Amino acid sequence: MQDNEKTVKSTGINVRRIETLVDGIFAIAMTLLVLGIAVPSVANPTEASLYKALFDLLPNFYSYFISFVLLAVFWRINHLQFNRIKRADGTLLWIIIIWLLFVALVPFSAFFVGEYGNFQIPNIFFDLNLFFIGFLLFLNWRHAINQGLVDKVDEETLKSSLKVNLMLPVISLVAAGITFLPFMNEWGYGWSSLVYLIIPLLKRYQ
């Protein structure tokens, strides 16, 4: 079997087909995010009323920006993982499918926060959505390593990559926990999502 086919004979699962599915879901999810920003309908528009309408949309733009960046980061991490994953089994396939279920839910989570970001429940829903994305991404990489589905990588690199992947769901739980702080009710629950800006600053994703 040629290496570039990246398949497992016992299951017939083609890794490249998995990558294609992932790319398609991410492309759709990232595109749908912008639908959460509707062009404002202003009766008798003036410069002042249009400025106010745009200002009122700032929470939606904020949610769009955070969600788009996070999806880009998750896609990049998955891409780096599959640069090393050369074989697949049924378990890995189902981890990816369930993972994509939560990826496809991000536009709804983003719309929810964009419309009702001053309330706690939408922010917790968004955080839990990202937690499951991060956790399943970690679980996918851990399974691939334990089952020998990856290229030979030194043990130090593997340990480091697992720790970095585990940081993603941890940051989501931190963001959810911040919403329970007493002063968040006064400041606005939406500010808790600023903690996600730490993720793109991580030096190593894998």
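Residues numbered from 1 in each chain as written. Predicted model: local features only at pLDDT ≥ 70, side-chain atom pairs only at ≥ 80, totals over all residues. Heavy atoms only, no water.

For the chain, the helix and strand inventory stands at seven helices and zero strands. Order of helices (α) and strands (β) in the chain, N terminus to C terminus: α-α-α-α-α-α-α. Counting across all 206 residues of the chain, residues that qualify as buried make up 43%. In the chain, of all internal contacts separated by at least 6 residues, the share reaching a separation of at least 24 is 78%. (Helix = DSSP H or I, 4+ residues; strand = E, 2+ residues; numbered from the N terminus. Buried < 20%, exposed > 50% of the residue type's maximum accessible area, 1.4 Å probe, protein only. Contact = heavy atoms within 4.5 Å.)

With their axes 7 Å apart at the nearest point, helix α3 (residues 58-84) and helix α4 (residues 90-116) run at an angle of 165° to one another. In terms of orientation, α3 and α4 fall into the roughly antiparallel class. Relative to α4, α3 is oriented so that their crossing is right-handed. Residues Pro59, Asn60, Ser63, Ser67, Leu71, Phe74, Asn78 and Phe82 of α3 touch α4, and the partners they reach there are Leu92, Ile96, Trp99, Val103, Val106, Ala110, Val113, Gly114 and Glu115. Grouping the constituent residues of the contact of α3 with α4 by class yields 11 nonpolar, five polar and one charged. (Axes fitted to C-alpha atoms, helices over the stretch in contact; angles between N-to-C directions. Parallel < 35°, antiparallel > 145°, perpendicular 65-115°, else oblique. Left-handed = near helix turned anticlockwise from the far one by under 90°. Nonpolar A, V, L, I, M, F, W, Y, C, P; charged D, E, K, R; others polar.)

Once that is clear, we can look at the UniProt feature "transmembrane region" (unreviewed entry) in the chain. UniProt annotation of "transmembrane region" (unreviewed entry) refers to residues 21-41, 61-78, 90-112, 124-141 and 162-181 when read in the numbering used here. Secondary structure over residues 21-41 splits into 57% helix and 0% strand, and the C-alpha atoms at its two ends are 37 Å apart. Note that residues 61-78 is 100% helix and 0% strand, and that its end C-alpha atoms are spaced 26 Å apart. (UniProt positions renumbered as here; feature names shortened; annotations may be inferred.)

The next thing to look at is helix α1 (residues 15-32). Here α1 is 18 residues long and its end C-alpha atoms lie 26 Å apart, about the 26 Å a rise of 1.5 Å per residue gives. Within α1, the full set of buried residues consists of Val15, Ile18, Glu19, Val22, Phe26, Ala29 and Met30. Projection of α1 onto a plane perpendicular to its axis shows the buried side chains occupying an angular sector of 100°, all on one side. Within α1, the exposed residues directed more than 90 degrees away from the buried face are Arg17, Thr20 and Thr31. (Expected span 1.5 Å × (residues − 1). Arc of directions from axis to C-beta.)

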